[in-house]
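# Report on the structure
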There are 2 protein chains.
Amino acid sequence: MSSGDFKHDIFAQFARVGKALGNGNRLEIMEFLAQGERSVDDLAGIAGLTVANTSQHLQQLRQAGLVASRKQGLKVYYRLSSNEVIDLLRSLRGVAERHLAEVDRLVNSYLAVKDNLEPVPRAELLTRAREGLVTVIDVRPTEEYAAGHVPGAVNIPLSELEGHLDRFEPGQQIVAYCRGPYCVLAFDAVEKLRARGYQAWRLEEGFPEWQTAGLPVERNK
Amino acid sequence: MSSGDFKHDIFAQFARVGKALGNGNRLEIMEFLAQGERSVDDLAGIAGLTVANTSQHLQQLRQAGLVASRKQGLKVYYRLSSNEVIDLLRSLRGVAERHLAEVDRLVNSYLAVKDNLEPVPRAELLTRAREGLVTVIDVRPTEEYAAGHVPGAVNIPLSELEGHLDRFEPGQQIVAYCRGPYCVLAFDAVEKLRARGYQAWRLEEGFPEWQTAGLPVERNK
DNA sequence: CTACTATTCAAGTATTCTATTGAATTAAAT
DNA sequence: ATTTAATTCAATAGAATACTTGAATAGTAG
(Lines give C-alpha, C1' and ligand atoms only; values in the text may rest on other atoms or scores of the structure.)
Protein backbone atom coordinates (compact mmCIF):
# COMPACT_ATOMS: atom_id res chain seq x y z
CA MET A 1 0.00 0.00 0.00
CA SER A 2 1.56 3.31 -1.01
CA SER A 3 1.83 6.28 1.28
CA GLY A 4 -0.12 8.19 -1.35
CA ASP A 5 -3.15 6.01 -0.76
CA PHE A 6 -2.80 6.40 2.95
CA LYS A 7 -2.53 10.15 2.72
CA HIS A 8 -5.46 10.35 0.38
CA ASP A 9 -7.63 8.26 2.67
CA ILE A 10 -6.63 9.93 5.89
CA PHE A 11 -7.15 13.42 4.51
CA ALA A 12 -10.51 12.32 3.20
CA GLN A 13 -11.42 11.37 6.76
CA PHE A 14 -10.33 14.74 8.11
CA ALA A 15 -12.33 16.36 5.33
CA ARG A 16 -15.47 14.61 6.61
CA VAL A 17 -15.15 16.71 9.74
CA GLY A 18 -14.44 19.80 7.66
CA LYS A 19 -17.49 19.21 5.49
CA ALA A 20 -19.68 19.00 8.55
CA LEU A 21 -18.37 22.43 9.59
CA GLY A 22 -19.20 23.86 6.18
CA ASN A 23 -22.78 24.87 6.78
CA GLY A 24 -24.07 27.82 8.79
CA ASN A 25 -27.08 25.97 10.15
CA ARG A 26 -24.92 23.16 11.46
CA LEU A 27 -22.61 25.65 13.14
CA GLU A 28 -25.57 27.35 14.73
CA ILE A 29 -26.87 24.03 15.97
CA MET A 30 -23.49 23.27 17.53
CA GLU A 31 -23.45 26.70 19.14
CA PHE A 32 -26.59 25.72 21.00
CA LEU A 33 -25.30 22.27 21.82
CA ALA A 34 -22.25 23.91 23.39
CA GLN A 35 -24.55 24.87 26.24
CA GLY A 36 -25.85 21.40 26.90
CA GLU A 37 -28.13 18.69 25.64
CA ARG A 38 -31.00 19.59 23.33
CA SER A 39 -33.72 17.58 21.64
CA VAL A 40 -34.13 17.63 17.89
CA ASP A 41 -37.36 19.54 18.29
CA ASP A 42 -35.70 22.21 20.45
CA LEU A 43 -32.91 22.67 17.97
CA ALA A 44 -35.28 22.91 15.04
CA GLY A 45 -37.20 25.66 16.79
CA ILE A 46 -34.11 27.62 17.78
CA ALA A 47 -32.44 27.37 14.39
CA GLY A 48 -35.62 28.02 12.44
CA LEU A 49 -35.46 24.78 10.47
CA THR A 50 -37.91 21.96 9.90
CA VAL A 51 -37.52 18.98 12.19
CA ALA A 52 -36.65 16.64 9.32
CA ASN A 53 -33.97 19.00 8.08
CA THR A 54 -32.55 19.44 11.56
CA SER A 55 -32.47 15.69 12.02
CA GLN A 56 -30.51 15.30 8.81
CA HIS A 57 -28.00 17.93 9.85
CA LEU A 58 -27.58 16.23 13.20
CA GLN A 59 -26.88 12.94 11.54
CA GLN A 60 -24.19 14.52 9.42
CA LEU A 61 -22.65 15.97 12.54
CA ARG A 62 -22.77 12.60 14.22
CA GLN A 63 -21.12 10.88 11.28
CA ALA A 64 -18.35 13.45 11.50
CA GLY A 65 -17.88 12.60 15.17
CA LEU A 66 -18.91 16.07 16.30
CA VAL A 67 -22.06 15.22 18.24
CA ALA A 68 -23.44 12.26 20.14
CA SER A 69 -26.98 11.44 21.20
CA ARG A 70 -29.00 9.48 23.70
CA LYS A 71 -32.61 8.49 23.56
CA GLN A 72 -34.89 9.05 26.52
CA GLY A 73 -38.55 8.28 26.12
CA LEU A 74 -39.85 9.85 22.96
CA LYS A 75 -37.03 12.31 22.62
CA VAL A 76 -33.50 12.05 21.33
CA TYR A 77 -31.08 14.37 23.07
CA TYR A 78 -27.97 15.51 21.24
CA ARG A 79 -24.77 16.92 22.73
CA LEU A 80 -21.28 17.83 21.51
CA SER A 81 -19.20 14.68 21.62
CA SER A 82 -16.42 16.28 23.69
CA ASN A 83 -14.86 19.53 24.79
CA GLU A 84 -12.41 19.19 21.96
CA VAL A 85 -15.27 20.11 19.67
CA ILE A 86 -15.69 23.42 21.51
CA ASP A 87 -11.99 24.10 20.96
CA LEU A 88 -12.39 23.31 17.30
CA LEU A 89 -15.32 25.70 16.97
CA ARG A 90 -13.37 28.40 18.76
CA SER A 91 -10.43 27.94 16.39
CA LEU A 92 -12.77 28.21 13.46
CA ARG A 93 -14.27 31.43 14.81
CA GLY A 94 -10.79 32.75 15.54
CA VAL A 95 -9.56 32.24 12.01
CA ALA A 96 -12.72 33.70 10.53
CA GLU A 97 -12.53 36.73 12.80
CA ARG A 98 -8.91 37.33 12.10
CA HIS A 99 -8.86 36.81 8.38
CA LEU A 100 -12.29 37.57 7.02
CA ALA A 101 -12.97 41.25 6.65
CA GLU A 102 -16.61 40.38 6.17
CA VAL A 103 -16.93 39.18 9.76
CA ASP A 104 -15.63 42.50 11.06
CA ARG A 105 -17.98 44.35 8.80
CA LEU A 106 -20.97 42.40 10.10
CA VAL A 107 -20.03 42.83 13.75
CA ASN A 108 -19.42 46.53 13.26
CA SER A 109 -22.60 47.19 11.38
CA TYR A 110 -24.76 45.26 13.81
CA LEU A 111 -23.57 47.40 16.63
CA ALA A 112 -22.50 50.80 15.42
CA VAL A 113 -21.34 51.61 18.93
CA LYS A 114 -18.82 48.82 18.95
CA ASP A 115 -16.16 51.00 20.53
CA ASN A 116 -18.30 51.53 23.58
CA LEU A 117 -19.01 47.85 23.80
CA GLU A 118 -15.48 46.79 24.50
CA PRO A 119 -15.83 43.36 26.03
CA VAL A 120 -14.53 42.55 29.49
CA PRO A 121 -11.85 39.82 29.52
CA ARG A 122 -12.63 36.77 31.63
CA ALA A 123 -9.70 37.24 33.99
CA GLU A 124 -10.64 40.82 34.65
CA LEU A 125 -14.21 39.87 35.40
CA LEU A 126 -13.13 37.45 38.11
CA THR A 127 -11.07 40.13 39.82
CA ARG A 128 -13.69 42.83 39.60
CA ALA A 129 -16.47 40.51 40.73
CA ARG A 130 -14.47 39.41 43.77
CA GLU A 131 -13.98 43.01 44.75
CA GLY A 132 -17.71 43.56 44.51
CA LEU A 133 -17.25 46.19 41.86
CA VAL A 134 -19.64 44.73 39.33
CA THR A 135 -22.89 42.83 39.13
CA VAL A 136 -22.75 39.94 36.71
CA ILE A 137 -25.95 39.04 34.91
CA ASP A 138 -26.62 35.92 32.85
CA VAL A 139 -29.15 36.86 30.17
CA ARG A 140 -29.75 33.34 28.87
CA PRO A 141 -33.04 31.50 29.42
CA THR A 142 -33.57 30.06 32.88
CA GLU A 143 -32.96 26.43 31.89
CA GLU A 144 -29.56 27.22 30.49
CA TYR A 145 -28.65 29.20 33.57
CA ALA A 146 -29.73 26.33 35.80
CA ALA A 147 -27.50 23.89 33.93
CA GLY A 148 -24.45 25.94 34.82
CA HIS A 149 -23.40 29.57 35.16
CA VAL A 150 -20.66 31.92 36.28
CA PRO A 151 -20.51 31.88 40.09
CA GLY A 152 -22.44 34.76 41.58
CA ALA A 153 -24.15 35.67 38.32
CA VAL A 154 -27.81 36.65 38.54
CA ASN A 155 -30.13 35.16 35.94
CA ILE A 156 -32.17 37.78 34.11
CA PRO A 157 -33.28 36.43 30.74
CA LEU A 158 -33.18 39.16 28.14
CA SER A 159 -36.95 39.06 27.76
CA GLU A 160 -37.37 39.93 31.43
CA LEU A 161 -34.69 42.57 31.64
CA GLU A 162 -37.06 45.52 31.37
CA GLY A 163 -39.05 44.33 34.36
CA HIS A 164 -36.02 43.90 36.59
CA LEU A 165 -34.29 47.21 36.14
CA ASP A 166 -35.20 48.17 39.69
CA ARG A 167 -32.67 45.65 40.97
CA PHE A 168 -29.84 47.92 39.95
CA GLU A 169 -28.60 51.05 41.66
CA PRO A 170 -28.22 54.07 39.39
CA GLY A 171 -24.73 54.14 37.94
CA GLN A 172 -24.05 50.54 38.89
CA GLN A 173 -21.51 48.60 36.84
CA ILE A 174 -23.01 45.59 35.14
CA VAL A 175 -21.43 42.87 33.02
CA ALA A 176 -23.69 40.68 30.89
CA TYR A 177 -22.91 37.40 29.22
CA CYS A 178 -24.74 34.73 27.27
CA ARG A 179 -23.77 31.88 24.97
CA GLY A 180 -20.69 32.99 23.14
CA PRO A 181 -18.93 35.78 21.31
CA TYR A 182 -21.63 35.95 18.67
CA CYS A 183 -24.60 35.37 20.87
CA VAL A 184 -26.59 38.56 20.55
CA LEU A 185 -28.42 38.35 23.86
CA ALA A 186 -25.64 40.06 25.79
CA PHE A 187 -25.22 42.68 23.05
CA ASP A 188 -28.88 43.57 23.33
CA ALA A 189 -28.81 43.59 27.12
CA VAL A 190 -25.86 45.98 27.20
CA GLU A 191 -27.63 48.27 24.78
CA LYS A 192 -30.77 48.34 26.88
CA LEU A 193 -28.88 48.91 30.11
CA ARG A 194 -26.85 51.73 28.64
CA ALA A 195 -30.00 53.36 27.33
CA ARG A 196 -31.13 53.49 30.96
CA GLY A 197 -27.94 55.09 32.11
CA TYR A 198 -26.15 52.10 33.60
CA GLN A 199 -22.50 51.30 33.02
CA ALA A 200 -22.79 48.02 31.20
CA TRP A 201 -20.36 45.78 29.35
CA ARG A 202 -20.41 42.46 27.62
CA LEU A 203 -18.26 39.60 28.88
CA GLU A 204 -15.75 38.54 26.30
CA GLU A 205 -17.06 35.30 24.84
CA GLY A 206 -19.73 33.41 26.77
CA PHE A 207 -20.51 30.65 29.20
CA PRO A 208 -19.25 27.69 27.12
CA GLU A 209 -15.86 29.34 26.77
CA TRP A 210 -15.83 30.20 30.46
CA GLN A 211 -16.44 26.57 31.29
CA THR A 212 -13.84 25.10 28.96
CA ALA A 213 -11.29 27.60 30.23
CA GLY A 214 -11.52 25.67 33.49
CA LEU A 215 -13.01 28.57 35.43
CA PRO A 216 -15.36 27.84 38.33
CA VAL A 217 -18.94 26.97 37.50
CA GLU A 218 -21.99 27.09 39.72
CA ARG A 219 -25.05 24.91 39.24
CA ASN A 220 -28.58 25.03 40.63
CA LYS A 221 -29.46 22.08 42.82
CA MET B 1 -30.92 44.80 11.01
CA SER B 2 -32.56 42.07 13.05
CA SER B 3 -30.50 39.81 15.26
CA GLY B 4 -31.75 36.84 13.24
CA ASP B 5 -30.16 38.26 10.13
CA PHE B 6 -26.98 38.93 12.02
CA LYS B 7 -26.75 35.38 13.26
CA HIS B 8 -27.54 33.95 9.88
CA ASP B 9 -24.91 36.08 8.21
CA ILE B 10 -22.21 35.54 10.79
CA PHE B 11 -22.63 31.77 10.79
CA ALA B 12 -22.57 31.80 7.02
CA GLN B 13 -19.17 33.49 7.26
CA PHE B 14 -17.85 30.87 9.65
CA ALA B 15 -19.19 28.21 7.32
CA ARG B 16 -17.04 29.63 4.54
CA VAL B 17 -14.00 28.60 6.54
CA GLY B 18 -15.58 25.23 7.30
CA LYS B 19 -16.34 24.62 3.64
CA ALA B 20 -12.73 25.28 2.74
CA LEU B 21 -11.74 22.57 5.23
CA GLY B 22 -14.16 20.12 3.66
CA ASN B 23 -11.95 18.69 0.96
CA GLY B 24 -9.07 16.27 1.38
CA ASN B 25 -6.95 17.84 -1.30
CA ARG B 26 -7.19 21.24 0.31
CA LEU B 27 -6.23 19.78 3.68
CA GLU B 28 -3.27 18.06 2.10
CA ILE B 29 -2.21 21.32 0.47
CA MET B 30 -2.36 23.06 3.83
CA GLU B 31 -0.34 20.30 5.44
CA PHE B 32 2.45 21.09 2.98
CA LEU B 33 2.06 24.80 3.50
CA ALA B 34 2.55 24.19 7.21
CA GLN B 35 6.14 23.43 6.30
CA GLY B 36 6.66 26.78 4.61
CA GLU B 37 5.98 28.69 1.43
CA ARG B 38 5.29 26.75 -1.74
CA SER B 39 4.57 27.72 -5.33
CA VAL B 40 1.42 26.57 -7.08
CA ASP B 41 3.49 24.30 -9.24
CA ASP B 42 5.19 22.68 -6.24
CA LEU B 43 1.89 22.05 -4.55
CA ALA B 44 0.32 20.60 -7.65
CA GLY B 45 3.20 18.15 -7.96
CA ILE B 46 3.13 17.11 -4.33
CA ALA B 47 -0.63 16.72 -4.13
CA GLY B 48 -0.89 15.00 -7.50
CA LEU B 49 -3.31 17.53 -8.96
CA THR B 50 -3.27 19.58 -12.13
CA VAL B 51 -1.94 23.10 -11.80
CA ALA B 52 -5.29 24.65 -12.71
CA ASN B 53 -7.11 22.57 -10.14
CA THR B 54 -4.54 23.38 -7.46
CA SER B 55 -4.84 27.07 -8.27
CA GLN B 56 -8.59 26.90 -7.80
CA HIS B 57 -8.27 25.15 -4.45
CA LEU B 58 -5.75 27.75 -3.34
CA GLN B 59 -8.13 30.53 -4.24
CA GLN B 60 -10.85 28.92 -2.19
CA LEU B 61 -8.46 28.70 0.72
CA ARG B 62 -7.53 32.34 0.28
CA GLN B 63 -11.14 33.43 0.20
CA ALA B 64 -11.65 31.58 3.45
CA GLY B 65 -8.73 33.46 4.97
CA LEU B 66 -6.68 30.31 5.45
CA VAL B 67 -3.76 31.09 3.13
CA ALA B 68 -2.03 34.16 1.79
CA SER B 69 0.25 34.61 -1.19
CA ARG B 70 2.98 36.78 -2.60
CA LYS B 71 4.21 37.04 -6.13
CA GLN B 72 7.90 36.92 -6.93
CA GLY B 73 8.95 36.89 -10.54
CA LEU B 74 6.99 34.31 -12.42
CA LYS B 75 5.91 32.38 -9.36
CA VAL B 76 3.22 32.89 -6.77
CA TYR B 77 4.17 31.60 -3.33
CA TYR B 78 1.43 30.57 -0.93
CA ARG B 79 1.67 30.24 2.84
CA LEU B 80 -0.72 29.66 5.75
CA SER B 81 -2.08 33.04 6.75
CA SER B 82 -1.16 32.65 10.42
CA ASN B 83 -0.27 30.21 13.16
CA GLU B 84 -3.92 30.19 14.16
CA VAL B 85 -4.51 28.14 11.05
CA ILE B 86 -2.10 25.50 12.33
CA ASP B 87 -4.09 25.40 15.57
CA LEU B 88 -7.29 25.01 13.62
CA LEU B 89 -5.86 22.13 11.61
CA ARG B 90 -4.59 20.51 14.77
CA SER B 91 -8.04 20.75 16.34
CA LEU B 92 -9.59 19.23 13.26
CA ARG B 93 -7.16 16.34 13.31
CA GLY B 94 -7.72 15.93 17.04
CA VAL B 95 -11.47 15.62 16.72
CA ALA B 96 -11.19 13.26 13.79
CA GLU B 97 -8.63 11.14 15.59
CA ARG B 98 -10.69 10.96 18.72
CA HIS B 99 -14.12 10.40 17.29
CA LEU B 100 -13.77 8.67 13.96
CA ALA B 101 -13.13 4.99 14.22
CA GLU B 102 -12.23 5.01 10.55
CA VAL B 103 -9.14 7.10 11.24
CA ASP B 104 -7.85 4.55 13.73
CA ARG B 105 -8.52 1.76 11.31
CA LEU B 106 -6.59 3.52 8.56
CA VAL B 107 -3.66 4.37 10.77
CA ASN B 108 -3.42 0.84 12.04
CA SER B 109 -3.83 -0.94 8.76
CA TYR B 110 -1.77 1.29 6.47
CA LEU B 111 0.94 2.86 8.56
CA ALA B 112 1.44 0.02 11.00
CA VAL B 113 2.21 -2.35 8.16
CA LYS B 114 4.91 -0.16 6.69
CA ASP B 115 6.15 0.50 10.17
CA ASN B 116 7.28 -3.07 10.52
CA LEU B 117 10.56 -1.46 9.65
CA GLU B 118 11.34 -1.24 13.35
CA PRO B 119 9.88 1.91 14.83
CA VAL B 120 11.99 3.12 17.71
CA PRO B 121 10.17 3.22 21.05
CA ARG B 122 10.45 6.45 22.96
CA ALA B 123 12.29 5.00 25.95
CA GLU B 124 14.84 3.32 23.75
CA LEU B 125 15.47 6.52 21.85
CA LEU B 126 16.41 8.35 25.05
CA THR B 127 18.98 5.70 25.93
CA ARG B 128 20.50 5.45 22.52
CA ALA B 129 20.66 9.22 22.08
CA ARG B 130 22.44 9.63 25.43
CA GLU B 131 25.02 7.12 24.37
CA GLY B 132 25.58 9.08 21.19
CA LEU B 133 24.58 6.14 19.06
CA VAL B 134 21.99 7.96 16.99
CA THR B 135 21.30 11.34 15.53
CA VAL B 136 17.77 12.52 16.12
CA ILE B 137 16.23 14.79 13.52
CA ASP B 138 13.01 16.77 13.82
CA VAL B 139 11.54 17.11 10.35
CA ARG B 140 8.77 19.53 11.26
CA PRO B 141 8.75 23.18 10.15
CA THR B 142 11.11 25.47 12.02
CA GLU B 143 8.42 27.27 14.00
CA GLU B 144 7.06 24.05 15.43
CA TYR B 145 10.56 22.91 16.32
CA ALA B 146 11.23 26.22 18.06
CA ALA B 147 8.11 25.85 20.19
CA GLY B 148 9.42 22.61 21.65
CA HIS B 149 11.34 19.54 20.59
CA VAL B 150 13.08 16.40 21.76
CA PRO B 151 16.31 17.38 23.56
CA GLY B 152 19.29 17.18 21.25
CA ALA B 153 17.22 16.81 18.12
CA VAL B 154 18.41 18.69 15.05
CA ASN B 155 15.77 20.53 13.06
CA ILE B 156 15.80 19.63 9.39
CA PRO B 157 12.41 20.34 7.84
CA LEU B 158 11.55 17.65 5.35
CA SER B 159 11.69 20.16 2.52
CA GLU B 160 15.34 20.87 3.31
CA LEU B 161 16.44 17.33 3.91
CA GLU B 162 17.95 16.83 0.47
CA GLY B 163 20.21 19.82 0.95
CA HIS B 164 21.49 18.70 4.35
CA LEU B 165 22.52 15.15 3.62
CA ASP B 166 26.18 16.15 3.96
CA ARG B 167 25.63 16.54 7.71
CA PHE B 168 25.50 12.80 8.10
CA GLU B 169 28.40 10.31 8.09
CA PRO B 170 27.92 7.35 5.78
CA GLY B 171 26.22 4.53 7.66
CA GLN B 172 25.12 6.81 10.47
CA GLN B 173 22.06 5.83 12.47
CA ILE B 174 19.28 8.39 12.24
CA VAL B 175 15.89 8.58 13.92
CA ALA B 176 13.30 10.98 12.54
CA TYR B 177 10.10 12.23 14.11
CA CYS B 178 7.38 14.75 13.36
CA ARG B 179 3.86 15.46 14.59
CA GLY B 180 2.22 12.20 15.39
CA PRO B 181 1.29 8.70 14.39
CA TYR B 182 -0.13 9.66 11.01
CA CYS B 183 2.15 12.53 10.18
CA VAL B 184 3.92 11.36 7.08
CA LEU B 185 6.85 13.76 7.29
CA ALA B 186 9.02 11.42 9.31
CA PHE B 187 8.00 8.50 7.22
CA ASP B 188 9.03 10.25 4.03
CA ALA B 189 12.28 11.35 5.65
CA VAL B 190 13.10 7.77 6.57
CA GLU B 191 12.36 6.66 3.05
CA LYS B 192 14.65 9.32 1.61
CA LEU B 193 17.45 8.59 4.04
CA ARG B 194 17.30 4.87 3.42
CA ALA B 195 17.41 5.47 -0.30
CA ARG B 196 20.74 7.21 0.34
CA GLY B 197 22.11 4.31 2.31
CA TYR B 198 21.67 5.61 5.86
CA GLN B 199 20.28 3.53 8.69
CA ALA B 200 17.11 5.44 9.42
CA TRP B 201 14.03 4.82 11.58
CA ARG B 202 10.90 6.62 12.52
CA LEU B 203 10.28 7.49 16.14
CA GLU B 204 7.20 5.76 17.42
CA GLU B 205 4.49 8.43 17.31
CA GLY B 206 5.57 12.08 17.32
CA PHE B 207 6.40 15.13 19.39
CA PRO B 208 2.96 15.73 20.91
CA GLU B 209 2.98 12.20 22.29
CA TRP B 210 6.54 12.63 23.52
CA GLN B 211 5.53 15.74 25.37
CA THR B 212 2.34 14.35 26.90
CA ALA B 213 4.28 11.27 28.02
CA GLY B 214 6.13 13.64 30.36
CA LEU B 215 9.49 13.20 28.65
CA PRO B 216 11.96 16.11 28.66
CA VAL B 217 11.37 18.92 26.19
CA GLU B 218 13.79 21.54 24.95
CA ARG B 219 12.77 24.96 23.69
CA ASN B 220 14.55 27.67 21.72
CA LYS B 221 15.18 30.85 23.70
C1' DC C 1 -55.53 -1.82 20.82
C1' DT C 2 -55.60 2.99 19.16
C1' DA C 3 -54.12 7.60 19.05
C1' DC C 4 -50.40 10.54 19.50
C1' DT C 5 -45.59 12.39 19.52
C1' DA C 6 -40.75 12.71 18.29
C1' DT C 7 -37.69 11.34 15.19
C1' DT C 8 -35.90 9.15 11.13
C1' DC C 9 -36.06 7.58 6.38
C1' DA C 10 -36.67 8.07 1.34
C1' DA C 11 -37.39 10.47 -2.83
C1' DG C 12 -37.24 14.67 -5.62
C1' DT C 13 -35.48 19.19 -7.05
C1' DA C 14 -32.67 23.17 -7.16
C1' DT C 15 -28.22 24.49 -6.08
C1' DT C 16 -23.36 24.10 -5.36
C1' DC C 17 -18.85 21.76 -5.80
C1' DT C 18 -15.01 19.13 -8.16
C1' DA C 19 -12.02 18.27 -11.64
C1' DT C 20 -10.98 18.74 -16.52
C1' DT C 21 -9.96 21.34 -20.56
C1' DG C 22 -8.31 25.07 -23.19
C1' DA C 23 -7.82 29.98 -23.54
C1' DA C 24 -6.21 34.35 -21.35
C1' DT C 25 -2.99 36.92 -18.32
C1' DT C 26 1.35 38.25 -16.39
C1' DA C 27 6.30 38.51 -15.93
C1' DA C 28 10.78 37.23 -17.46
C1' DA C 29 14.14 35.88 -21.02
C1' DT C 30 15.86 36.08 -25.70
C1' DA D 1 8.97 42.33 -30.17
C1' DT D 2 8.60 37.52 -29.63
C1' DT D 3 8.81 33.52 -26.99
C1' DT D 4 8.40 30.96 -22.84
C1' DA D 5 6.85 29.78 -18.17
C1' DA D 6 3.66 30.15 -14.26
C1' DT D 7 -0.65 31.09 -12.99
C1' DT D 8 -5.45 32.34 -13.46
C1' DC D 9 -9.87 32.43 -15.79
C1' DA D 10 -13.96 30.38 -18.08
C1' DA D 11 -16.85 26.75 -19.56
C1' DT D 12 -18.32 22.17 -18.74
C1' DA D 13 -20.11 17.52 -17.16
C1' DG D 14 -20.82 14.76 -13.33
C1' DA D 15 -21.13 14.32 -8.29
C1' DA D 16 -22.55 15.95 -3.95
C1' DT D 17 -25.48 18.98 -0.87
C1' DA D 18 -29.56 21.45 1.12
C1' DC D 19 -34.07 21.59 1.77
C1' DT D 20 -38.89 19.97 1.10
C1' DT D 21 -42.48 16.65 1.30
C1' DG D 22 -44.67 12.59 2.74
C1' DA D 23 -44.29 8.08 4.70
C1' DA D 24 -42.27 4.82 8.25
C1' DT D 25 -40.66 3.72 12.93
C1' DA D 26 -40.43 3.66 17.96
C1' DG D 27 -41.99 4.92 22.28
C1' DT D 28 -45.96 6.75 25.38
C1' DA D 29 -50.52 7.42 27.06
C1' DG D 30 -55.36 6.49 27.24
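Refer to the structure presented above.
A short tour of the structure in this document, coming up.

### Quick notes on the overall build of chain A
Counting its regular elements, chain A contains ten helices and seven strands. Dimensions of chain A along its principal axes, counting C-alpha atoms only, are 70 × 45 × 30 Å. Classification of the 221 residues of chain A by burial places 51% in the buried group. Sequence separation of at least 24 residues holds for 64% of the intrachain contacts in chain A that already meet a minimum separation of 6. Accessible surface computed for chain A: about 10,000 Å², of which carbon and sulfur atoms make up 47%. Counting 27 positive and 29 negative side-chain charges, chain A places the centres of these two groups 5 Å from one another.

### Here we look at the packing of aromatic side chains
All names here are of chain A. What the rule picks out here adds up to four aromatic pairs over all chains. Considering the side-chain rings of Phe11 and Phe14, the 6.1 Å spacing of their centres and the 80° angle between planes classify their relative orientation as edge-to-face. Here the residue Phe11 and the residue Phe14 both occupy positions in helix H1 (residues 3-20), the gap between them amounting to three residues, near one helical turn. Arranged with centres 5.7 Å apart and planes meeting at 70°, the rings of Phe168 and Tyr198 form a pair that is edge-to-face. Of this pair, Phe168 sits in the loop between strand E5 (154-155) and strand E6 (173-177) while Tyr198 sits in the loop between helix H9 (184-195) and strand E7 (199-202), placing them 30 residues apart in sequence. A relative accessible area of 7% places Phe168 in the buried class. On the accessibility criterion, Tyr198 (13% relative accessible area) is buried.

### Remarks on the sheet that holds strand E3 (residues 75-80) of chain B
Residues and elements named next belong to chain B. Across the sheet, three strands lie side by side as E1-E3-E2; this open sheet has antiparallel pairing. Looking at which strands have only one partner, the edges of the open sheet turn out to be strand E1 (38-39) and strand E2 (67-72). Two strands pair when backbone bridges link them, and E1 and E3 are joined in this way by two bridges, in the antiparallel orientation. Residue pairing across strands places Ser39 opposite Tyr77, the latter belonging to E3. Packed on one face of the sheet, helix H2 (residues 24-33) meets E1, E2 and E3 and runs near 90° to E3. The sheet contacts of helix H4 (residues 51-63) involve E2 and E3, and relative to E2 the element is tilted by about 120°.

### Thoughts on the protein's contact with DNA strand D
Surrounding DNA strand D, one finds 25 residues, the nearest of these being A:His57, B:Asp41, B:Ser55, B:Gln59 and B:Tyr78. The side chain of A:Asn25 places a nitrogen or oxygen atom 3.0 Å from a phosphate oxygen of DNA strand D. With respect to DNA strand D, the side chain of A:Asn53 contributes an N or O atom lying 3.3 Å from a sugar or linking oxygen. Counting residues per element, the ones that place at least two in the surface near DNA strand D are helix H2 (24-33) and helix H4 (51-63) of chain A together with helix H3 (40-47), H4 and E3 of chain B. Of the residues in the surface near DNA strand D, the class split is eight nonpolar, twelve polar and five charged.

### Let's talk about the protein's contact with DNA strand C
Surveying the vicinity of DNA strand C reveals 25 residues, the closest of which are A:Asp41, A:Ser55, A:Gln59, A:Tyr78 and B:His57. Near-protein atoms of DNA strand C (within 4 Å) split between backbone and bases, with sugar and phosphate holding 71%. Between A:Tyr78 and DNA strand C, the recorded distance is 2.9 Å, taken from a side-chain N or O atom to a phosphate oxygen. Between DNA strand C and B:Gln56, the relevant distance is 3.5 Å, taken from a base oxygen to a side-chain nitrogen or oxygen of the residue. Taken together, the elements giving at least two residues each to the surface near DNA strand C come down to helix H3 (40-47), H4 and strand E3 (75-80) of chain A together with H2 and H4 of chain B. For the surface near DNA strand C, the residue count by class is eight nonpolar, twelve polar and five charged.

### Digging into the interface of chain B and chain A
Tallying the contact residues gives 53 residues for chain B and 51 residues for chain A. Across the chain B/chain A interface, buried area totals approximately 4,700 Å², and carbon plus sulfur atoms make up 75% of it. Viewed at the interface, chain A and chain B are joined by two salt bridges. There are seven residue pairs in polar contact (both at pLDDT 80 or more) connecting chain B and chain A. Those elements giving two or more residues to the side of chain B that touches chain A turn out to be helix H1 (3-20), H2, helix H5 (83-99), helix H6 (101-114) and helix H9 (184-195) of chain B. Looking at which element gives the most residues to the side of chain B that touches chain A, the answer is H1(B), with 14 residues.

### What to know about the layout of surface pockets
For the largest pocket, the calculated volume is near 810 Å³. What lines the largest pocket is a set of 32 residues, and nearest its centre among them are B:Ile86, B:Arg90, B:Arg93, B:Arg179 and B:Pro208. The set of elements that each furnish at least two residues to the lining of the largest pocket consists of H1 and helix H5 (83-99) of chain A together with H5, helix H8 (142-146) and helix H10 (207-212) of chain B. Looking at which element gives the most residues to the lining of the largest pocket, the answer is H5(B), with nine residues. Looking at the lining of the largest pocket, its residues break down into twelve nonpolar, six polar and 14 charged.

### A closer look at the environment of A:Gly132
Looking at where A:Gly132 falls in the secondary structure, it is placed in the loop between helix H7 (122-130) and strand E4 (135-138). Sequence separation between A:Gly132 and A:Gln173 is 41 residues; the distance between their C-alpha atoms is 9.9 Å.

### Focus: the pattern of salt bridges
All told, the structure shown has 20 salt bridges over all chains when counted by the stated rule. A salt bridge links A:Glu209 to A:Arg93; the shortest N-O distance between them is 2.4 Å. On the criterion of sequence distance, the pair formed by A:Glu209 in helix H10 (residues 207-212) and A:Arg93 in helix H5 is long-range, its members being 116 residues apart. Its relative accessible area of 2% is what places A:Glu209 among the buried residues. A:Arg93 gets classed as buried once you look at its relative accessible area, which sits at 10%. Here B:Glu31 makes a salt bridge to B:Arg93, at a shortest N to O gap of 3.4 Å. One end of the pair, B:Glu31, is in helix H2; the other, B:Arg93, is in helix H5, with 62 residues separating them in the sequence.

How each quantity is defined
Residues numbered from 1 in each chain as written. Chains lettered and ligands numbered in written order. Predicted model: local features only at pLDDT ≥ 70, side-chain atom pairs only at ≥ 80, totals over all residues. Heavy atoms only, no water. Helix = DSSP H or I, 4+ residues; strand = E, 2+ residues; numbered from the N terminus. Buried < 20%, exposed > 50% of the residue type's maximum accessible area, 1.4 Å probe, protein only. Contact = heavy atoms within 4.5 Å. Areas by Shrake-Rupley, 256 points an atom, 1.4 Å probe, with all protein chains shown as cover. Lys, Arg positive; Asp, Glu negative; His and termini not counted. Charge placed at Lys NZ, Arg CZ, Asp CG, Glu CD. Phe/Tyr/Trp six-rings, centres within 6.5 Å; stacked < 30°, edge-to-face > 60°. Pairing = 2+ DSSP bridges. Axes fitted to C-alpha atoms, helices over the stretch in contact; angles between N-to-C directions. Near = heavy atom within 4 Å. Polar contact = N/O pair within 3.5 Å; in protein donor to acceptor, adjacent residues only side chain to side chain. Nonpolar A, V, L, I, M, F, W, Y, C, P; charged D, E, K, R; others polar. Buried area = accessible area lost by both parts, 1.4 Å probe. Salt bridge = Lys/Arg side-chain N within 4 Å of Asp/Glu carboxyl O. 1 Å grid on protein atoms, 1.4 Å probe; cavity = no way out; pocket = protein on both sides within 12 Å on 5 of 7 lines; lining within 4 Å. Points joined across faces, edges and corners; volume = space filled by probe spheres on them.

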